[in-house]
Amino acid sequence: MEGGGGGGAAGPPSLFALSGAAVSSSMRALERDVWALPGHVLRGLLPLLNVFYLERAEGAARRAGLSTQPIWRKLWDDVMKTRPPNSENITCWRKKFLETFFSNILHGVLDVSSDWRLNDHHFSPLLHSSQHVTQLTLCNMLQGVIALTAEHNQRVLENLAGSLRILKFRHLLTSDQSIRRSLFLLLHRLIHHGSVSQVSMYSWPVPDTVLLILILSMSAGYWCSGKVLTYQSSPCGFCTEDNVQSQETTQELSEMDRCYEKERSDGENQQASLRALEEADPLAEVNGHGAGTPQGTALSGLRSHPSQNLVCEEGSGEASCDPISVKEPLGGSSHCLSKRQSCRPILRKPRRRLKSAVGRRRRCPRRNRGTYDDPEDLYDFVFTVARENTSELLYENSVTEGENTDNCTSSSTGSPCSSRARCKKRRGSAGNFSLKTAHRFRSVSTLELFSVPLTGDACRTLSNLLSSWVSLENLVLSYNGLGDNIFCILSGLRALSRHSDCCLHVVRVSDVFSHMPCMDLVRCILSAFPRLHTLSVSFDLKNQLEGNRPEGNPSCTEVEISECCLEQLEIRFPREPLHTAFLLPVLRASRSLQQLSLDSAALPCPQELEHLLQALKECNPNLKKLSFHDVNLADHQKEVLLLLQDPVLQEITFSFCRLFESCTTEFLSEIISTVKRNSSLKSLKLPGNRLGNHRLVALADIFSEDSSSSLCQLDVSSNCIKPDGLLEFTKKLEGHIQQRRGHIKFTHLRLFQNWLDQDVETAQEALRRLKAVCSVVNDTWDSSQAFADYISVM
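The shown structure was predicted, so the numbers you read here are calculated from the model rather than taken from an experiment.

Caption draft 1: Region of the structure containing the overall build of the protein chain. A count of helices and strands for the protein chain gives 32 helices and 19 strands. Out of the 794 residues belonging to the protein chain, those deemed buried represent 55%. A sequence separation of at least 24 residues applies to 85% of the contacts in the protein chain between residues at least 6 apart. Accessible surface computed for the protein chain: about 35000 Å², of which carbon and sulfur atoms make up 50%.

Written out as structure tokens, the structure is:
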């Protein structure tokens, strides 16, 4: 019996197909017998199974020496009907399909009844696919959050707690309190008692302050002391709090209401009470609050009396949960989300709609507070973390860092957040549950914020969280509109650097405007984090206020940098002149540097690049990758040739550097001869350098019979290459390979954004022949439309 999926379209189904369909419909009863079938029979049966049994068949298929990858790939094409990004890098189509399947079901964009392979009433789509989800994106109104914390999906959440590693938020909008409460439960389970190690936020033009600070605080592992997270009116099974006093909830809520009403009608008395509270607080000088600053009240929490802080401290201490052991058997009695302790929250109707906390102060209802589960607990916690005063942190900075570091964060345009004089204006009172008394749970190791504007209050909150976020390994802040708030972030990072167990290894900061010179920022970060492995600083434009400052502000350029562990340095200059004198101290301190990328730098004089290459040769003997992007090298042919003959560099990138703008035939010949003699260079990237057809054809001689080159990768994207030129390059390359009897190391060619659409037939022939020689990566770029777009914005 031949295995197959069935007869042709014109004929009746085969006997095997009919039998397979019958077996597939009865898999619930025949499953164990099916897994024991011979391999050649199982091969024909696998494509006839639905996704649930196909997933369960993985073990049997592996034992029979079969791969299910082609079946999952066909399922992707049939169901998803899209080409996933970087599809050539996908190694497991089963995981890719089931992960996307989970997300589409959760967000309601896929109807399982549309395909019989997706529908089986014996299985829950979310439950069955959840164990394969390592990355989850929540977007818009957070529609899937309530579903994940519902009681009937408690096992789904259990699976996610063990499998999920990356949690992303994209295009978030303002949400109501019930969704925020569900999000709070979700983050607590997935981060504090789960395996999520990365939280990323994307494209949030107008962030909801409450939501943003909630996500940041939970990601940092904080939950306020004295309050117990509940599921179905029962405390979380992972949080062993002994002081649960839920019977005081009603009394507490009514008393809070009375306090709020009294507070609203007693503005002047409130100011007097706060002043008295400041005088009574022994930490008032450190944890003070500028009552007249509107921004200071935007993230206000409950003001705590000193005696009240004592109560909180007595009831705090280490959280007794194990943040690592989260993979217990399903249904175990110790789970947070058992049947008795389900994950569906109690969602009460809010007593009043709280649009904003601006201009309102909250008082502590009374001293001997009990534990309660109130929807406004979320507000209390969020605003408390936001207002947790950074003045003590800043005071420590001024005492321990010395004059050099203080100067590093000062500027003629204004004092940074690390200056006590400035921060006193922005202080907020310590909340009822300060970070000192808050429970510290498991936190994530990677935080990424892309296109999420951060206000001054949000920056101070993030700075406060960063100051003790010792588990943080990767920090990415991209296009957040920081402005002078960059100094506040630096203050928190410097406080973090003083922790001996600090794990921060990667810092990436990018924005539209730079509030300080790039090299100043690089030196400040490296002086605080000598153990940093990767540092990326990128700015598009120079701040107008910065134009009046002299280049190389002495406040930062005089900071000494001790020897560091930096391996990768990326700098994008906002059209700043590249002064090697300012970069030299960084290069000298970075003896382990292996990758250097310089973007959009202006060379003030012809000797500057020569000085840079000499510095790299002397200070960085281990440099393997060097990249220049949007740096005009048209008049630096000598330096380009020196780089190409470097015996240590393995990857060189000249991207949009006008390399061949005014070059002669002799220069191109020298480039080819130099690369042919260099046996250490593995990758040469030349995108956007106006190669054209004739120069591309000439580059094929790099692989001639007399060449000792080890070049594996060549990137000629965006180089005005036409189909006939590519075909001629291919024929010449084939001739060299034939002369060398196939002994060639060339494996990858990148051809993005070239004019291959001008003659489709010739381009297809060239690509077909090239793919027989190496791996080709290209796109279906419309050159005419791109040219029209270019003309339209001129």
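Still to come is the rest of the account.
Caption draft 2: Region of the structure containing the pairing of strand β15 (residues 651-655). Here β15 lies mainly inside the structure; 5 of its 5 residues are buried. Neither face of β15 is exposed, since Glu 651, Thr 653 and Ser 655 on one face and Ile 652 and Phe 654 on the opposite face are all buried. When strand β14 (residues 625-629) meets β15, the two strands line up parallel, connected through 5 bridges. Residue Ser 627 lies in a different strand from β15, and its bridge partner there is Thr 653. The handedness of the β14 to β15 crossover, carried by helix α27 (residues 637-644), is right-handed. Where β15 meets strand β16 (residues 683-685), 3 bridges bridge the pair, whose relative direction is parallel. In the sheet register, Glu 651 faces β16, and the bridge partner there is Ser 683. Regarding topology, helix α28 (residues 665-677) serves as the crossover connection from β15 to the parallel β16, and that connection is right-handed.

Caption draft 3: Quick peek at a negative patch on the surface. A contiguous patch of negative charge, built from Asp 724, Glu 728, Asp 759 and Glu 761, is present on the exposed surface. Relative to the helices and strands, Glu 728 resides in helix α30 (residues 723-739). On the basis of relative accessibility, which here comes to 47%, the residue Glu 728 falls in the partly exposed class.

Caption draft 4: Region of the structure containing the packing of aromatic side chains. Counted according to the given criterion, the structure contains 9 aromatic pairs. Ring plane angle 45 degrees and centroid distance 5.6 Å describe the contact between Trp 72 and Phe 97, whose orientation is recorded as tilted. In this pair, Trp 72 sits in helix α6 (residues 69-80) while Phe 97 sits in helix α7 (residues 93-106), placing the two residues 25 residues apart along the sequence. Relative accessible area serves as the criterion here: at 0%, Trp 72 is assigned to the buried category. Phe 97 gets classed as buried once you look at its relative accessible area, which sits at 0%. Ring centres of Trp 76 and Trp 93 lie 6.0 Å apart, and the angle between their planes is 65 degrees; on these two criteria the pair is classed as edge-to-face. Here the residue Trp 76 occupies a position in helix α6, and Trp 93 occupies one in helix α7, the gap between them amounting to 17 residues. Trp 93 matches Trp 76 in its accessibility class, with the two residues each being buried. By way of ring pairs, the aromatic residues Phe 52, Tyr 53 and Phe 123 are connected into one cluster.

Caption draft 5: Quick look at α27. By the burial criterion, the buried members of α27 are Glu 639, Val 640, Leu 641, Leu 643 and Leu 644. Turning to α27, the residues buried within the fold contact α26 (607-619), β14, β15, α28 and β16.

Caption draft 6: Structural context of the packing of helix α21 (residues 456-466) against helix α22 (residues 486-497). In contact at an axis separation of 7 Å, α21 and α22 are set at 10 degrees when each is read in the N-to-C sense. Our classification of the angle between α21 and α22 gives roughly parallel. Contacts between α21 and α22 involve Cys 459, Arg 460, Leu 462, Ser 463 and Leu 466 on the former and, on the latter, Cys 488, Ile 489, Ser 491, Gly 492, Leu 493 and Leu 496. Across the contact of α21 with α22, the residue classes tally to 7 nonpolar, 3 polar and 1 charged.

Caption draft 7: Representation of the environment of Cys 564 within the structure. Along the chain, Cys 564 falls in the loop between α24 (554-557) and β12 (568-572). Those residues in contact with Cys 564 that lie beyond four places of it in its chain are Leu 526, Pro 530, Ala 589 and Ser 590.

Caption draft 8: Representation of a nonpolar patch on the surface in the model. Together, Val 512, Phe 513 and Leu 541 make up a nonpolar patch on the protein surface, roughly 250 Å² of accessible area in all. Owing to a relative accessible area of 45%, Phe 513 belongs among the partly exposed residues under this scheme.

Caption draft 9: Representation of the pairing of strand β9 (residues 474-478). Of all the 5 residues making up β9, 4 are buried; the element is thus mostly covered by neighbouring parts of the structure. By the bridge criterion, 5 bridges tie strand β8 (residues 446-450) to β9 in an arrangement that is parallel. In the strand pairing of β9, Leu 447 is matched with Leu 475. Read from β8 through α21 to β9, the crossover connection turns out right-handed.

Caption draft 10: Region of interest: the side chain of Ser 219. As for its position among the elements, Ser 219 is in helix α12 (residues 209-219). Polar side-chain contacts of Ser 219 include one of 2.6 Å to the backbone oxygen of Ile 215. Ser 219 has contacts with Ile 191, Val 199, Ser 443, Val 444 and Trp 469, leaving out every residue within four places of it along the chain.

Caption draft 11: Structural context of α22. Its 12 residues place the ends of α22 16 Å apart at the C-alpha level, agreeing with the 16 Å of an ideal helix rising 1.5 Å per residue. With 11 of 12 residues buried, α22 lies mostly within the body of the structure. When α22 is considered as a whole, its buried residues turn out to be Ile 486, Phe 487, Cys 488, Ile 489, Leu 490, Ser 491, Gly 492, Leu 493, Arg 494, Ala 495 and Leu 496.

Caption draft 12: How the structure looks around the pattern of salt bridges. Overall, the coordinates contain 22 salt bridges when judged by the stated rule. Residue Lys 685 is joined to Glu 651 by a salt bridge in which the shortest nitrogen-to-oxygen separation is 3.5 Å. In this pair, Lys 685 sits in strand β16 while Glu 651 sits in strand β15, placing the two residues 34 residues apart along the sequence. As a salt-bridge pair, Glu 661 and Arg 690 come within 3.6 Å of each other at their nearest N and O atoms. Within this pair, whereas Glu 661 is found in the loop between β15 and α28, its partner Arg 690 is found in the loop between β16 and α29 (692-699), the two being separated by 29 residues in sequence.

Caption draft 13: How the structure looks around the side chain of Asp 115. Summarising the element assignment, Asp 115 is placed in the loop between α7 and α8 (125-130). The exposure class of Asp 115 is buried, given its relative accessible area of 14%. In terms of polar contacts, Asp 115 uses its side chain to reach the side chain of Arg 117, at 2.8 Å.

Caption draft 14: Broad picture of unusual backbone geometry. With a phi angle near 55 degrees, Phe 656 is a residue other than glycine that sits in the positive phi range. Structurally, the position occupied by Phe 656 is in the loop between β15 and α28. The class for Phe 656 is partly exposed, based on a relative accessible area of 39%. In the Ramachandran plot, Cys 720 falls in the positive-phi region, its phi being about 60 degrees despite a non-glycine side chain. In this fold, Cys 720 is placed in the loop between β17 (713-715) and α30. Note on Cys 720: relative accessible area 33%, which makes it partly exposed.

Caption draft 15: Examining the nonpolar core more closely. Judged by nonpolar contacts, the single largest core of 187 residues is most densely connected at Phe 97, Phe 169, Phe 628 and Phe 654. Apart from residues no more than four positions distant in its own chain, Phe 628 is found in contact with Leu 598, Leu 609, Leu 612, Leu 633, Leu 643, Thr 653, Phe 654, Ser 655 and Cys 657.

Caption draft 16: Fine view of the environment of Lys 96. Structurally, the position occupied by Lys 96 is in helix α7. On the basis of relative accessibility, which here comes to 24%, the residue Lys 96 falls in the partly exposed class. A C-alpha to C-alpha distance of 8.6 Å links Lys 96 and Trp 76, two positions 20 residues apart in sequence. Here Lys 96 is in contact with Trp 76, Pro 84 and Ile 90, once residues within four sequence places are set aside.

Thresholds, definitions, all that
- Residues numbered from 1 in each chain as written.
- Predicted model: local features only at pLDDT ≥ 70, side-chain atom pairs only at ≥ 80, totals over all residues.
- Heavy atoms only, no water.
- Helix = DSSP H or I, 4+ residues; strand = E, 2+ residues; numbered from the N terminus.
- Buried < 20%, exposed > 50% of the residue type's maximum accessible area, 1.4 Å probe, protein only.
- Contact = heavy atoms within 4.5 Å.
- Areas by Shrake-Rupley, 256 points an atom, 1.4 Å probe, with all protein chains shown as cover.
- Pairing = 2+ DSSP bridges.
- Right-handed = clockwise from strand over helix to strand, strands pointing away.
- Patch = residues over 30% accessible without salt bridge, like charges linked within 9 Å, V, L, I, M, F, W, Y side chains within 5 Å.
- Salt bridge = Lys/Arg side-chain N within 4 Å of Asp/Glu carboxyl O.
- Lys, Arg positive; Asp, Glu negative; His and termini not counted.
- Charge placed at Lys NZ, Arg CZ, Asp CG, Glu CD.
- Phe/Tyr/Trp six-rings, centres within 6.5 Å; stacked < 30°, edge-to-face > 60°.
- Axes fitted to C-alpha atoms, helices over the stretch in contact; angles between N-to-C directions.
- Parallel < 35°, antiparallel > 145°, perpendicular 65-115°, else oblique.
- Nonpolar A, V, L, I, M, F, W, Y, C, P; charged D, E, K, R; others polar.
- Polar contact = N/O pair within 3.5 Å; in protein donor to acceptor, adjacent residues only side chain to side chain.
- Expected span 1.5 Å × (residues − 1).
- Core = buried A, V, L, I, M, F, W, Y, C linked by side-chain atoms within 4.5 Å.

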